Amino acid sequence: MAAILNSLLAALPRKSYRRLVSGLAPVTLTFGDILYHPGDTIRDVFFPVESLVSLLTPVDGHLALEVGMVGREGMVGVPLALGIGVSSVRALVQGAGPALKMSADRFRTELHAIPALQAELNRYVHTLMAQISQTAACNRFHVVEARLARWLLMTRDRVRSGEFRMTHEFLSHMLGVRRVGVTEAATALQRRHLIEYSRGNIRILDHAGLEAASCDCYTVVRDMHDGAVYSRIPAPHSPISRPSSIPAPHS
Amino acid sequence: MPKAVPATTLPSPKENHLLAALSDEAYRRLLPSLEGVALPLGMVLYESGGTQGYVYFPTDSIVSLLYVLADGASAEIAVTGSEGLVGIALFMGGETTPSRAVVQSAGHAYRLRASVCKAQFDANPELQHLLLRFTQALITQMTQTAVCNRHHSIDQQLCRWLLLSLDRLKGDHLSMTQELIANMLGVRREGVTEAASRLQAAGLIEYRRGDIHVTDRKRLEARVCECYAVVKREYDRLLPAPRAAHIAAVG
């Protein structure tokens, strides 16, 4: 049997996976395509293989903000796994590449028939929620340069390449900052010879250096999959012990 | 640990909308395992990185979920009251929880031991569907909070926070210190003081010694960002109506 390149599917018992295969169609996701808008009926779910889909929440008068990222570790169309047929976010292809697609009808049938699929999806959804929370807190507290480094590393891990297309405008959505903020951060990383950025193309030059420039959030999110992550977060003293020392959000 | 309280002083378990929405049969099966507890202000139900012994179904309390970063900074990612439950990691299959759960408004809840919750979740499709729907509603609240934290003013965030809290309480008073609010919103205490003063000067709230009285809810709603309405609409769409409305609708 060929290697299963989406790790959510790979985690299923072989028998369950075999049952699913006939419903999975290989597709190539195109950079910039929108798979769903908020409020759209979910017609298909997608298991990225070497593609990357960004989950964005739009907000009036501002750039939409990236709230989560899905690569080969997961599935796009999570509400369907929770019994809801409508997307609450915008799902935007941000790293072109192969994925496996399944129709919503077939997915519902399989979910019902394979308890292991529901269990695996529940575990994934929980990890995604942790990623969403981590991203929210990171956006709130960490400087743009560190967030950009985190974002580039998360993207690299999912598309499995240190070189990808990315415009400043895209990045400003991803990070929730103005373009000028993105330009400054990218220039700073470039000056430190960590990345090379020209004409919408980003190349990571120094992986270790970029990891050092990123906030802890990168390793926290990366390690979420092995479950070891949470033990590394220091237990705080009390719920209300540190109000005055909390820094204001950066922008 | 929360203290068990005599049944006579407790609200009915059906004050919790999820429990109230269960069929008689499913409800009767859970009832012997539900333990009523008092939740005082500031109590930590679980720490980030910890394991949970119980899930909690609030009746007249509100619990805040805070995400804690490795450097100790924390921000609220969601609030849950009688419309939901606290501790989804238990049935989603996460070994530990990524957030810290703190009682934000004192009251009561019914709790269910971890082993019972898992067994019931697996054995009872009705309960499973209900809890997964709640999970999707919670994801929406988390993503909207992330966007709100990034893009909206402290005044707007405070309005959102007050309205989400009020919706989960009876009456128009909140017991809350500015220190706690600052912690929830992840901003400096002075920022909260200034925002609260502006709302007070505009005649929307009265704030006195840890008591917030919302005097003009309509104008509070006019001042809040869209995030409040987005979350409320999703909750109304995805979750069972409160008990009174439920009975009225059925009868």
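### Points about the overall build of chain B
Along the backbone of chain B there are 11 helices and 11 strands. Against the compact-globule benchmark of 18 Å for 251 residues, chain B has a radius of gyration of 18 Å, which places it among compact chains. Along the longest, intermediate and shortest principal axes, the C-alpha atoms of chain B span 50 × 50 × 35 Å. Taking as baseline every contact in chain B between residues at least 6 positions apart, the subset at least 24 positions apart corresponds to 78%.

### Some thoughts on the overall build of chain A
Looking only at helices and strands, chain A features 10 helices and 10 strands. Expressed as a percentage of the 251 residues in chain A, the buried residues total 49%. In chain A, of all internal contacts separated by at least 6 residues, the share reaching a separation of at least 24 is 75%.

### A short note on helix H6 (residues 144–159) of chain A
Residues and elements named next belong to chain A. Between the first and last C-alpha of H6 there are 22 Å, a value that for 16 residues agrees with the 22 Å anticipated at 1.5 Å per step. Among the 16 residues of H6, 13 are classified as buried, and the element is accordingly described as predominantly covered. Just downstream of H6 lies Arg160, where phi reads positive at about 55°.

### With respect to the sheet that holds strand S5 (residues 62–68) of chain B
Read from one edge to the other, the open sheet built from four strands follows the order S3-S7-S5-S6 (chain B), with strand pairing classed as antiparallel. Of all strands in the sheet, those bounded by a partner on one side alone are strand S3 (44–46) and strand S6 (74–80) of chain B. Adjacent strand axes in the sheet meet at a mean angle of 30°, parallel and antiparallel pairs treated alike. Relative to strand S7 (residues 99–105) of chain B, S5(B) runs antiparallel, the two being bridged by six bridges. Pairing of Ser64(B) across the sheet is with Val102(B), part of S7(B). Sheet contacts for helix H5 (residues 115–141) of chain A: S5, S6 and S7 of chain B; angle to S6(B), the most-contacted strand, approximately 135°.

### A few points about unusual backbone geometry
Backbone phi values are negative for most residues with the exception of glycine, while trans is the configuration of most peptide bonds. We note that His193(A) has phi near 60°; this positive angle belongs to a residue other than glycine. Looking at the secondary structure, you find His193(A) in the loop between helix H8 (179–191) and strand S9 (195–198). Its identity is not glycine, yet Arg209(B) carries a phi of approximately 40°, on the positive side. Residue classification places Arg209(B) among the exposed positions, given that 6 C-beta atoms sit within 10 Å.

### A word on the sheet that holds strand S7 (residues 97–103) of chain A
Residue and element names in this part refer to chain A. As summarised here, the arrangement of the three strands in space is S1-S7-S3, forming an open sheet in which the pairing is antiparallel. Among the strands making up the open sheet, the edge pair consists of strand S1 (25–29) and strand S3 (44–48). In this sheet, adjacent strand axes meet at a mean angle of 40° when their direction is disregarded. As paired strands, S1 and S7 are joined by five bridges and run antiparallel to one another. Looking across to S7, one finds that Ala25 is bridged to Lys101. On the sheet, helix H4 (residues 104–113) packs against S3 and S7 and is oriented at approximately 70° with respect to S7.

### Considering the environment of Leu238(B)
Among the secondary structure elements, Leu238(B) is positioned in helix H10 (residues 226–238). Given 21 C-beta atoms within 10 Å, Leu238(B) falls into the buried group.

### Quick notes on the pairing of strand S4 (residues 54–58) of chain B
Counted residue by residue, S4(B) has five buried out of five residues, so it is predominantly covered. What you see with S4(B) is no split at all: Tyr54(B), Tyr56(B) and Pro58(B) on one side and Val55(B) and Phe57(B) on the other are buried throughout.

### Let's talk about the nonpolar core
In this structure, Met75(A) and Leu158(B) are the most contacted members of the largest nonpolar core, which totals 160 residues. Dropping the residues within four chain positions of it, Leu158(B) is found in contact with Leu185(B), Val192(B), Ala195(B), Ala196(B) and Leu199(B).

### Observations concerning the interface of chain B and chain A
By convention, interface size is frequently given as the accessible area that disappears when the constituent parts associate. Opposite the 50 residues of chain B that make contact, chain A presents 46 residues. When grouped by side-chain class, the residues that make up the side of chain B that touches chain A number 21 nonpolar, 19 polar and 10 charged.

### Things to note about the domain arrangement of chain A
Residues and elements named next belong to chain A. Along its sequence, chain A is organised into domain 1 (7–138) and domain 2 (143–232). On a C-alpha basis, the centroid separation for the pair domain 1 and domain 2 is 22 Å. Facing 20 residues of domain 1, the contacting portion of domain 2 comprises 19 residues. Those elements that provide at least two residues to the side of domain 1 that touches domain 2 are strand S4 (52–57), strand S5 (65–70) and H5.

### Some details on the domain arrangement of chain B
Residue and element names in this part refer to chain B. Domains assigned within chain B are domain 1 (3–149) and domain 2 (153–224). Taking only C-alpha atoms, the centre of domain 1 and the centre of domain 2 are 24 Å apart. Of the residues lining the interface, 16 residues belong to domain 1; the matching set on domain 2 comes to 13 residues. Contributions of two or more residues to the side of domain 1 that touches domain 2 are made by S5, S6, S7 and helix H5 (125–151). The element contributing the most residues to the side of domain 1 that touches domain 2 is S6, with four residues. Of the residues that constitute the side of domain 1 that touches domain 2, the class distribution is six nonpolar, seven polar and three charged.

### Digging into the environment of Asn149(B)
Position of Asn149(B) among the secondary structure elements: in helix H5. We classify Asn149(B) as buried; it has 24 C-beta atoms within 10 Å.

### Considering the pairing of strand S10 (residues 205–208) of chain B
Residues and elements named next belong to chain B. Note: S10 against strand S11 (residues 211–214), four bridges, orientation antiparallel. Across the sheet, the residue bridging to Ile205 is Val214, located in S11. If you look at the hairpin formed by S10 and S11, you'll find two residues sitting between the two strands, and Arg209 has a positive phi there, around 40°.

### Considerations on the packing of H5(B) against H10(B)
All names here are of chain B. Their axes nearest at 9 Å, the elements H5 and H10 cross at an angle of 175°. It follows from the interaxial angle that H5 and H10 lie roughly antiparallel. Of the residues in H10, those in contact with Arg133, Gln136, Ala137, Thr140, Gln141, Gln144, Val147 and Cys148 of H5 are Cys227, Val230, Val231, Glu234, Tyr235 and Leu238. Considering only residue class, the contact of H5 with H10 consists of eight nonpolar, four polar and two charged.

Rules and cut-offs
- Residues numbered from 1 in each chain as written.
- Chains lettered and ligands numbered in written order.
- Predicted model: local features only at pLDDT ≥ 70, side-chain atom pairs only at ≥ 80, totals over all residues.
- Helix = DSSP H or I, 4+ residues; strand = E, 2+ residues; numbered from the N terminus.
- Rg over C-alpha atoms; globule rule 2.2 N^0.38 Å.
- Contact = placed C-beta atoms within 7 Å.
- Buried ≥ 20, exposed ≤ 12 C-beta atoms within 10 Å, placed from the backbone.
- Expected span 1.5 Å × (residues − 1).
- Pairing = 2+ DSSP bridges.
- Axes fitted to C-alpha atoms, helices over the stretch in contact; angles between N-to-C directions.
- Core = buried A, V, L, I, M, F, W, Y, C linked by C-beta atoms within 7 Å.
- Nonpolar A, V, L, I, M, F, W, Y, C, P; charged D, E, K, R; others polar.
- Domains from an automatic or database assignment.
- Parallel < 35°, antiparallel > 145°, perpendicular 65-115°, else oblique.

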